[in-house]
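An overview of the molecular structure
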Amino acid sequence: MTPPARWLDLRRHTPARVALGRVGNAVPTSAHLAFQADHAAARDAVHAALDVERLRRDLAGHGLASQLVRSVCPDRGTYLLRPDLGRRLAPHDLAPAPGRLAFVVGDGLSAVAVQRHAPALLAAVVPVLEPQASIVIATQARVALGDAIGAALAATAVIVLIGERPGLSAADSLGVYITWAPRLGRSDAERNCLSNIRPAGMPVAEAARRLIWLVGEIRRRGLSGVALKDDTPYDRSTEVLGT
Amino acid sequence: MAYAHTLHGTRYVFPDLRSLLARATPLRSGDSLAGIAAASAAERVAAQMALADLPLCRFLDEAVIPYETDDVTRLILDTHDRQAFAAIGHLTVGGFRDWLLGDADGPALAALRPGLTPEMAAAVSKLMRLQDLVAVAAKCRVTTGFRNTLGLPGRLAVRLQPNHPTDNPRGVAAALLDGLLLGAGDAVIGVNPATDSPEATATLLHLLDEVRARYAIPTQTCVLAHVTTTLACIARGAPVDLVFQSIGGSEATNRSFGVNLAMLAEAHDAARALQRGTVGGNVMYFETGQGSALSADAHHGVDQQTIEARAYAVARAFDPLLVNTVVGFIGPEYLANGKQITRAGLEDHLCGKLLGLPMGVDVCYTNHADADSDDMDALLTLLGVAGVTYVMGVPGADDVMLSYQSTSFHDALYLRAALGLRPAPEFAAWLDGMGLPNAGAIPAPLAPALIGLG
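What counts and what doesn't
For every chain, the first residue of the written sequence is number 1, and numbering continues from 1 along that sequence. For this description, chains carry letters from A and ligands carry numbers from 1, given in the order in which they are written. In keeping with the predicted nature of the model, local features appear solely for residues at pLDDT of at least 70, side-chain atom pairs appear and are counted solely at 80 or more, and the whole-chain, interface and lining totals rest on all residues. Each side-chain value is worked out from all heavy atoms of the structure, with water and hydrogens disregarded. Contacts are assigned to residue pairs with any non-hydrogen atoms lying within 4.5 Å of each other. Buried area is understood as the total, over both parts, of accessible area removed when two parts are fitted together, assessed with a 1.4 Å probe. Polar contacts here mean pairs of N or O atoms no more than 3.5 Å apart (in protein, one a potential hydrogen donor and the other a potential acceptor; neighbouring residues in sequence count only if both atoms are side-chain atoms). We count a stretch as a helix when DSSP gives it H or I for four or more residues in a row; a strand needs E for two or more, and each element gets its number in order from the N terminus. Just so you know the grouping, Ala, Val, Leu, Ile, Met, Phe, Trp, Tyr, Cys and Pro go in nonpolar, Asp, Glu, Lys and Arg go in charged, and all remaining residues, Gly too, go in polar. In this scheme Phe, Tyr and Trp rings, the latter by its six-membered ring, pair at centre separations within 6.5 Å, and the angle between planes marks the pair as stacked below 30 degrees, edge-to-face above 60, and tilted otherwise. Burial classification: accessible surface area is computed with a 1.4 Å probe over protein chains only, and a residue below 20% of its type maximum counts as buried, one above 50% as exposed, and the rest as partly exposed. Expected span of a helix, by definition, is 1.5 Å for each gap between consecutive residues, and there is one gap fewer than residues. Of all possible arcs, the one meant is that of the directions from the helix axis to the C-beta atoms. Two cysteine sulfurs form what is called a disulfide whenever their separation falls within 2.5 Å. DSSP bridges decide pairing: two strands pair if at least two such bridges lie between them. Handedness rule for crossovers: strands pointing away from the viewer, path from the first strand over the helix to the second running clockwise, crossover right-handed. As a per-residue quantity, pLDDT reports the predictor's confidence and falls between 0 and 100. Among buried residues, the Ala, Val, Leu, Ile, Met, Phe, Trp, Tyr and Cys ones that are joined through side-chain atoms within 4.5 Å form a nonpolar core.

Quick look at the interface of chain A and chain B
On the chain B side, the residues contacting the 40 residues of chain A number 57 residues. Note on chain A versus chain B: buried area summed over both sides is about 4,000 Å², and carbon and sulfur give 58% of it. For the interface between chain A and chain B, the tally reads 12 residue pairs in polar contact (both at pLDDT 80 or more). Of all elements in the fold, only helix H1 (5-8), helix H2 (29-47), helix H4 (76-81), helix H5 (83-86) and helix H9 (236-241) of chain A reach the threshold of two or more residues within the side of chain A that touches chain B. Per-element tally for the side of chain A that touches chain B: the top contributor is H2(A), with 6 residues. A breakdown of the residues in the side of chain A that touches chain B according to their chemical character gives 22 nonpolar, 8 polar and 10 charged.

Encoded structure:
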């Protein structure tokens, strides 16, 4: 039931699940179970809780101070059904964060991504962009929760690192959203985004380079969003993981 | 106008038609998110009873979104055919359900189309169980054509969707060939571009057209870019078979997609003028999906299924070759789980067919919804019995560009075999000539080298 070699050769050209072979009209057992395993990893990533204490230790290891907030979402089940609640900040006494840029790390749809890649990315960019920054860690967070945090801190811009919706090929993609002059009611069109940050996607070093460049442009022009970069790829997947 | 019904001693009042429709809608997360769903199971059934007693002609007097402020409402009412409506004009919504399940046959349903509004179709579907949604849809017959004929009895077509994360031409070509070898591609060979620019779109258009020509495949190709991008490609002479666009059921939803009815008409005219079809002149491809209006804050308090059906009024104004709802793509805040996705897919399919559309369904889910491949198998099988015009074919059901799970080439083979369905006739003849889809190896005429795969 192994496909002939030439059919199998199609796999050289694409990460898509081509040349899977056939048993009757179905895929062979190995391909079936490989799919199930990838879906299981994605489902587990969606429901995993962010290990906040470990994240704080990892940040501290890079010399980065942090504080904790959460959205008004009580649990993950509600989070998935009520994105509006994930954008609202629970009452907090936010400690004033030094500097004009606010950095937020939100669990989003993949705490796994945040746990794995956020400390290294922050360690690479914070010393360049805002050496005194205190990182705000937010749980049950959507991207727009950063607007409330940035406004509360009177930041000129907010940079939100957040776990992206897991796909089958990667459950640990990190996204970064930058919003100039954050305040309630900002739309997605007013943000700039880097996505698919992970070793096999956009490596952390490249993401750091792009992020530093983007923040520089946003500060220089005093705006963010489509007006800054109108060749941003249109991608339905980011539209949904969104806001 | 207010509506009311008393059930188990409790009187439920619904202030207007849109709230009656919303309260009567089987539970889904999007209507709860919008704050318009029934507050209890009993209220939902009371609303369904009130809706069942409502004369269909009421829908011609009370618009769910005002005529003055919404061009989709104007399109619906201005093109309504009272003569065609006369066949059901005396019925209530409940009576209409009984008529659909009883006396109505294929020719009667076809004759009714111009007299049926999307709101009437949505309303009656809210009174139906899954088996009703399947049984009535199976009576509808909608046939369209471009380089092959879609929608004939006993046929099931497949959109071959060879997406690649970076639009790499070899990657697209490899997935495309994989799909052809497994019998997919009669509905369309359609790529979602990772980058919506005229340059990237034109590159993909030329690639798809060259593969189609090199292998002499009787099908059509499409790059699912924004309509303005496709128009720019037509202007520069790129080979455009079909114009794609995502559409919704209110003027404001369409604005959120960056389109209006005039732009769609311009695109329709431009693609027709190319005269690239050989067996038919349907040149539009539309995608829809419950939840897009709420997502764009453009729902006007109308439930997501009714506003989805209104998108089909937009579609039918442009005689499309293909329309599909992307039913599970939008996420759990709109359709929470496999149960809700299943019902929505069958509702959308029926409403599209009743309104005369060549309706396919992207049977799909995302990883944050409570759904899996078992749910997809169930919906796919139900849709096959309902006579769905086409489904998606994605390598291994895993779209590596859009990061969601759809149906695979194998799934379509399963469905055709389980229900005795064949591909579109022109495409079936081509497959037969190649010894597909049951060749164990790549036939010589489809050598990968012919399409740049060394």
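Now that the structure is up, let's keep going.
Concerning the packing of aromatic side chains
Residues and elements named next belong to chain B. Using the criterion set out here, one finds 5 aromatic pairs over all chains in the structure. Relative to tryptophan 99, the ring of phenylalanine 96 has its centre 6.1 Å away and its plane inclined at 20 degrees; by these criteria the two rings are stacked. Note that phenylalanine 96 and tryptophan 99 are positioned in helix H6 (residues 93-101) at a spacing of 3 residues, about one turn of the helix. The pair phenylalanine 96 / tryptophan 99 is uniform in exposure class, with both members buried.

Overview of helix H14 (residues 261-274) of chain B
Residue and element names in this part refer to chain B. With 14 residues, H14 extends 20 Å from end C-alpha to end C-alpha; this agrees with the ideal 20 Å at 1.5 Å per step. Within H14, burial applies to Leu261, Met263, Leu264, Ala267, His268, Ala270 and Ala271. Check the buried side of H14 and you find it contacts helix H4 (71-78), helix H12 (227-235), strand E8 (243-246), strand E9 (284-288) and helix H16 (304-316). Just beyond H14, the residue with positive phi is glutamine 275, at close to 50 degrees.

Notes on helix H18 (residues 373-385) of chain B
End to end, H18(B) covers 18 Å across 13 residues, agreeing with the expected 18 Å (1.5 Å per residue, within 8%). Every buried residue belonging to H18(B) is among B:Ser373, B:Met376, B:Leu379, B:Leu380, B:Leu383 and B:Gly384, and all of these are buried. End-on view of H18(B): buried residues confined to an arc of 140 degrees, all on one side of the axis. Structurally, H18(B) contributes buried residues whose contacts are with H2 of chain A together with helix H17 (338-354), strand E11 (359-362), strand E12 (390-393) and helix H19 (409-419) of chain B. Two or three places before B:Asp374, at the opening of H18(B), B:Asp372 has a side-chain oxygen 3.0 Å from that residue's backbone nitrogen. Positive backbone phi, approximately 80 degrees, marks B:Gly387, located one or two places after H18(B).

Topic: the side chain of B:Ser292
Residues and elements named next belong to chain B. Structurally, the position occupied by serine 292 is in helix H15 (residues 292-295). Of the residues examined, serine 292 reaches a relative accessible area of 16% and is grouped as buried. Sequence-distant contacts of serine 292, defined by excluding residues within four places in its chain, comprise Thr253, Phe257 and Ile330.

So, the environment of B:Arg11
Residues and elements named next belong to chain B. Along the polypeptide, arginine 11 turns up in strand E2 (residues 10-14). Considered as a pair, arginine 11 and alanine 110 are 99 residues apart in the sequence and their alpha carbons are 39 Å apart. Excluding residues that lie within four positions of it along the chain, arginine 11 makes contacts with Ala4, His5 and Thr6.

As for the state of the cysteines
Residues and elements named next belong to chain B. Inspection of every chain in the model, using the stated rule, returns 0 disulfides over all chains. Just so you know, cysteine 57 is unpaired, no disulfide at all, and the nearest cysteine sulfur is the one on cysteine 351, 19 Å from it. A disulfide-free cysteine, cysteine 351 has its sulfur positioned 10 Å from the sulfur of cysteine 140, the nearest such atom.

Let's talk about the pairing of strand E6 (residues 188-191) of chain B
Residue and element names in this part refer to chain B. Here E6 shows no split at all, with Val188 and Gly190 on one side and Ile189 and Val191 on the other all buried. Strand direction decides the pairing type here: strand E5 (residues 157-160) and E6, joined by 2 bridges, are parallel. Considered in E6, the bridge of leucine 160 is made with isoleucine 189. Where E6 meets strand E7 (residues 221-223), 3 bridges bridge the pair, whose relative direction is parallel. Bridge pairing in E7 links isoleucine 189 to threonine 221. Following the backbone out of E6, through helix H11 (residues 198-215) and into the adjacent parallel E7, one traces a crossover that is right-handed.

Re the confidence of the model for chain A
Averaged over every residue, the pLDDT of chain A is 90; residues scoring 70 or more account for 92%. The secondary structure element of chain A with the lowest average pLDDT is H9(A), at 34, and the one with the highest is helix H3 (residues 52-61) of chain A, at 98.

So, the nonpolar core
The biggest cluster of nonpolar side chains holds 158 residues, and the ones touching the most others in it are B:Leu51, B:Phe59 and B:Tyr285. Counting residues per element, this core draws most heavily on helix H10 (residues 169-181) of chain B, which supplies 8 residues. Look past the residues within four positions of B:Phe59 in its chain and what remains in contact with it is B:Leu17, B:Leu21, B:Leu51, B:Leu54, B:Leu77, B:Val93, B:Thr117, B:Glu119, B:Met120 and B:Ala123. A:Leu64, A:Ala111, A:Ile135 and A:Leu211 belong to the second largest nonpolar core, which has 36 residues in total.

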